Amino acid sequence: MDFHVDLDPAAPTVRGSETFVLERDGGRRVMRIHDYDDVYAVPGLYEHVVSDRLGCVSPQTLATSLAAEVTAAGEQPADVRCLDVGAGNGVSGAALRDAGLTPVVGLDVSPAAGAAAERDRPGLYAEFVVAALGDAAVPDLVTRHRLTALVSAGALTGGHIEPQVLARTWAAFAPGGWLAYTCAEAHADDARSIFAEHTDIRRDERFVHRRTVAGDPVWYRVLVGRRR
Ligand SMILES: C[S@@+](CC[C@H](N)C(=O)[O-])C[C@H]1O[C@@H](n2cnc3c(N)ncnc32)[C@H](O)[C@@H]1O
């Protein structure tokens with residue numbers, strides 16, 4: 001690790017505005033956690049700040065919840081072929097793999113995410129698509145890669161992917177397909193209602209997604225469902 005990070009507990013804790021100070025190569029700069037292009041450009045920085053310092057567990061919570069429901073259905077997690085939307089630099093894809101699922105396609109609007117995923121976790125995904133989810137040709141991806149699960153860890157609402165866009169994407173999956181996402185608690189009921197018509201909800205649980213830079217818990221819900 002060729003950098004040092006200072007978290008500022010006095011920094012704004014509104015989601016999307018949290019900052020930290022990066023010291024690297026003799027320089028010091030204030031960065032926003034949600035300036036993903038800049039964060040992904042520094043190897044290990046996202047993992048250090050978001051996973052290690054702020055304790056983000058959305059990727060692992062999503063992956064273990066989905067794997068548990070697949071197993072409870074009497075099926076093999078390895079047979080579940082995932083489209084990971086808002087994939088970032090592959091932390092969520094690695095969690096899927098570690099839970100025994102099969103990450104196949106990563107998709108993220110940030111070009112730096114695709115480059116970082118290939119740099120840090122080469123071969124994790126068979127294909128990485130750089131596009132906003134609403135602009136991506138998802139039916140083609142589902143067909144070409146025989147995808148059976150749509151997953152999104154920590155990438156809904158808050159200026160990220162809107163649940164309506166995820167629901168349109170979900171329409172490309174066949175009956176029996178799996179859906180798993182984590183979502184800020186404030187938006188979780190609305191998001192769930194969008195999927196209700198076509199989805200048999202198997203799990204909907206509250207958990208601490210991560211801490212803010214001030215140390216306060218950020219509550220999320222993890223939802224796992226199956227397409228009717
Ligand atoms: C908090 S990160 C989560 C990354 C990864 N899933 C994880 O758990 O480590 C959210 C990601 O969503 C991506 N994102 C935001 N809006 C998006 C959109 N409309 N379409 C695709 N990706 C988007 C961002 O670029 C960012 O990489």
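In this text the structure is predicted, and so the values were computed from the model without any measurement.

Conventions and cut-offs
- Residues numbered from 1 in each chain as written.
- Predicted model: local features only at pLDDT ≥ 70, side-chain atom pairs only at ≥ 80, totals over all residues.
- Helix = DSSP H or I, 4+ residues; strand = E, 2+ residues; numbered from the N terminus.
- Rg over C-alpha atoms; globule rule 2.2 N^0.38 Å.
- Buried ≥ 20, exposed ≤ 12 C-beta atoms within 10 Å, placed from the backbone.
- Contact = placed C-beta atoms within 7 Å.
- Near = placed C-beta within 6 Å.
- Nonpolar A, V, L, I, M, F, W, Y, C, P; charged D, E, K, R; others polar.
- Domains from an automatic or database assignment.
- pLDDT = per-residue confidence, 0-100.
- Axes fitted to C-alpha atoms, helices over the stretch in contact; angles between N-to-C directions.
- Left-handed = near helix turned anticlockwise from the far one by under 90°.
- Pairing = 2+ DSSP bridges.
- Core = buried A, V, L, I, M, F, W, Y, C linked by C-beta atoms within 7 Å.

Moving on to the overall build of the chain. In terms of regular secondary structure, the chain is built from 8 helices and 10 strands. Its C-alpha radius of gyration of 17 Å places the chain within 12% of the 17 Å reference for a compact globule of 228 residues. Taking all 228 residues of the chain together, the buried fraction comes to 42%. Counted over contacts in the chain with a minimum sequence separation of 6, partners at least 24 positions apart contribute 61%.

This part takes up the site of the ligand. In the vicinity of the ligand lie 21 residues, with Gly86, Gly88, Val91, Ser92 and Ala155 positioned nearest. Grouping the amino acids of the shell around the ligand by side-chain chemistry returns 13 nonpolar, 7 polar and 1 charged.

To continue, consider unusual backbone geometry. Located in the positive-phi region is aspartate 25, a residue other than glycine, with phi close to 50°. Topologically, aspartate 25 is positioned in the loop between strand E2 (19-24) and strand E3 (27-32). In the Ramachandran plot, arginine 146 falls in the positive-phi region, its phi being about 50° despite a non-glycine side chain. When you line up the elements, arginine 146 lands in the loop between helix H6 (138-145) and strand E7 (149-152).

Partitioning the chain into structural domains gives domain 1 (3-53) and domain 2 (58-227). Placing a centre on the C-alpha atoms of domain 1 and another on those of domain 2 gives a separation of 24 Å. Counting residues at the interface gives 18 residues for domain 1 and 17 residues for domain 2. Residue assignment for the side of domain 1 that touches domain 2 shows that the elements contributing at least two residues are helix H1 (36-41) and helix H2 (45-53). Here the residues of the side of domain 1 that touches domain 2 sort into 10 nonpolar, 3 polar and 5 charged.

Before going further, it helps to spend a moment on the confidence of the model for the chain. Across the chain, the average pLDDT comes to 96, with 98% of residues at or above 70. Per-element confidence in the chain ranges from a low mean pLDDT of 94 for E3 to a high of 99 for strand E4 (residues 81-85).

Across the interface, helix H3 (residues 58-72) lies against helix H4 (residues 91-98) with an axial gap of 8 Å and an inter-helix angle of 35°. Relative to H4, H3 is oriented so that their crossing is right-handed. Across from Pro59, Gln60, Leu62 and Ala63 in H3, the residues of H4 making contact are Val91, Ser92, Ala95, Leu96 and Asp98. Taken together, the residues of the contact of H3 with H4 sort by class into 6 nonpolar, 2 polar and 1 charged.

Here 3 strands make up an open sheet; going across it, the order is E1-E2-E3 and the pairing antiparallel. Of all strands in the sheet, those bounded by a partner on one side alone are strand E1 (3-7) and E3. Going from strand to strand, the sheet's axes swing by 25° on average, the running direction of each strand aside. Relative to E2, E1 runs antiparallel, the two being bridged by 5 bridges.

Note that alanine 95 resides in helix H4. As for alanine 95 and proline 59, which are separated by 36 residues in sequence, their C-alpha atoms are 5.8 Å apart. With residues up to four places along the chain from it excluded, the contact list for alanine 95 reads Pro59, Gln60 and Ala63.

So, about helix H5 (residues 111-120). Three or more residues of H5 are buried, namely Ala112, Ala113, Gly114, Ala116 and Ala117. Packed against the buried residues of H5 are H1, strand E5 (102-108) and strand E6 (127-130).

With that settled, consider the nonpolar core. Ranked by internal contacts, the top residues of the largest apolar core, which has 65 residues, are Leu66, Leu83, Ala149, Val151 and Ala180. Summarising the domain contributions, this core has at least three residues from each of domain 1 (3-53) and domain 2 (58-227). Apart from residues lying up to four places away in sequence, leucine 83 is in contact with Val104, Val105, Leu107, Leu141, Leu147, Ala149, Leu150 and Val151.

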